[in-house]
Amino acid sequence: MSSNRAFTINSDKIEFRAIKRNYIDAKDECEREGKRLIVISNEKVNMALKNVLLEQEAECDAWIGLYDRNFDNSESRADWGWVSGKSLSASSFENFADEYIPRTSKSDESFVYIRDDGVWERADINTKQCFFCENLSHKKVNDVDL
C-alpha cells in the first residue's frame with residue numbers, strides 16, 4: 001500500500017498521507033514540502049475528502065488544517081482557526097458532529113480531523129491520524145506558526 005495518494009479538487013493538488021502522525025508532526029511534514037494541512041472551504045471539498053477516506057485501505061481518519069490557535073498558551077479561551085490564518089467564525093462551511101462543535105472554553109481536544117463519513121471531530125495532541133496536505137503553489141502561504 002502506498003503512503004501517498006495524490007488527487008485534484010477544483011485545480012487544487014491534494015495528497016492523502018496514509019501514515020499516522022500527531023497533528024503537529026503532520027502539519028510540519030506538509031510545510032517542509034511547501035504544502036499545508038488542507039483547508040476545507042465548502043461541501044464539495046468535504047465530500048471529496050470523505051470519498052478518499054472511504055476508498056483508502058489505511059483505516060484511519062485524517063487531520064485537516066483546523067485547530068485551537070491558543071492550544072499552547074495561557075489564554076483561557078479557545079481561538080479556532082485554519083492554518084491559512086482564517087478564523088473558523090469567518091468560514092462559510094463547517095461539519096462538526098454536535099458533540100464536537102468547538103466551544104470558546106479551552107479543552108485538550110484542540111485539533112480537528114475528518115472521519116470517513118465526512119463529519120469533523122476534535123482530538124488531543126497525542127492522537128495520531130492520517131492527514132491531507134494541499135499544494136500551496138497558487139495560494140498565499142500562511143503566517144501562522146504552531
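Preceding this paragraph is the structure being described.
Here goes a summary of the coordinates provided. Predicted model, so just to flag it, every value in this text is computed and none were measured. Note that residues are indexed from 1 along each chain, following the sequence as it is written. With the structure being a predicted model, the display of local features is reserved for residues of pLDDT at least 70 and the display and counting of side-chain atom pairs for 80 or more, all residues being used for whole-chain, interface and lining totals. Side-chain measures were taken over the full set of non-hydrogen atoms in the model, leaving aside hydrogen atoms and water.

1. Here's the deal with the pattern of salt bridges
Rules: Any carboxyl oxygen of Asp or Glu within 4 Å of a side-chain nitrogen of Lys or Arg constitutes a salt bridge here. Put simply, DSSP marks the helices as runs of H or I at least four residues long and the strands as runs of E at least two long, and each gets a number from the N terminus on. A simple rule labels every residue: compare its accessible area, found with a 1.4 Å probe on the protein chains alone, to the largest value its type can have, and call it buried under 20%, exposed over 50%, or partly exposed in between.
Taken as a whole and judged by the stated rule, the model has twelve salt bridges. Between E33 and R17 there is a salt bridge, with the nearest N and O atoms lying 2.4 Å from each other. With E33 in the loop between α1 (23-32) and β3 (35-37) and R17 in strand β2 (residues 12-21), this residue pair connects regions lying 16 residues apart in the sequence. By relative accessible area, E33 is classed as partly exposed at 39%. We note a salt bridge from D79 to R69, for which the minimum N-O separation is 3.1 Å. Of this pair, D79 sits in the loop between β4 (62-68) and β5 (80-82) while R69 sits in the loop between β4 and β5, placing them ten residues apart in sequence. You can call D79 partly exposed: its relative accessible area is 30%. Sharing partners across several salt bridges, the network here consists of E15, R17, R21, E29, E33 and K35.

2. A look at the environment of L37
Applied cut-off: Should any heavy atoms of two residues lie within 4.5 Å, those residues are counted as being in contact.
With respect to the helices and strands, the residue L37 is situated in strand β3. A sequence separation of 46 residues divides L37 from V83, and the C-alpha atoms of the two residues are 7.1 Å apart. Contacts of L37, omitting those with residues within four sequence positions, involve Y23, A26, K27, C30, W63, I64, G65, V83, F131, F132 and E134.

3. A closer look at the state of the cysteines
Our working rule: Only a pair of cysteine sulfur atoms within 2.5 Å counts as a disulfide in this structure description.
One pass over the structure, following the stated rule, counts two disulfides. The disulfide bridge from C30 ends at C133, spanning 1.9 Å between sulfur atoms. Its S-S torsion of approximately -80° makes the covalent link between C30 and C133 left-handed. Here C30 is found in helix α1, whereas its partner C133 is found in strand β8 (residues 129-135), with 103 residues between them in sequence. Each member of the pair, C30 together with C133, is buried. What pairs with C60 in a disulfide is C130, and their sulfur atoms sit 1.7 Å apart.

4. Notes on the pairing of β4
Each regular strand displays side chains that alternate between the two surfaces of the sheet. What counts, and what does not: Only strands joined by at least two bridges in the DSSP assignment are considered to pair.
In terms of residue burial, β4 counts as a mostly covered element, since seven of its seven residues are buried. On β4, burial covers both faces: A62, I64, L66 and D68 on one face and W63, G65 and Y67 on the other are all buried. Where β4 lies against strand β6 (residues 111-114), three bridges are found, and the strand directions are antiparallel. Paired with Y67 across the strands is F111, a residue of β6. For β4 and β8, the ladder comprises two bridges, and the chain directions are parallel. Within β8, the position partnered with A62 by the bridge is C130. Note: β4 against β5, three bridges, orientation antiparallel. Residue pairing for β5: D68 is matched across the bridge by W80.

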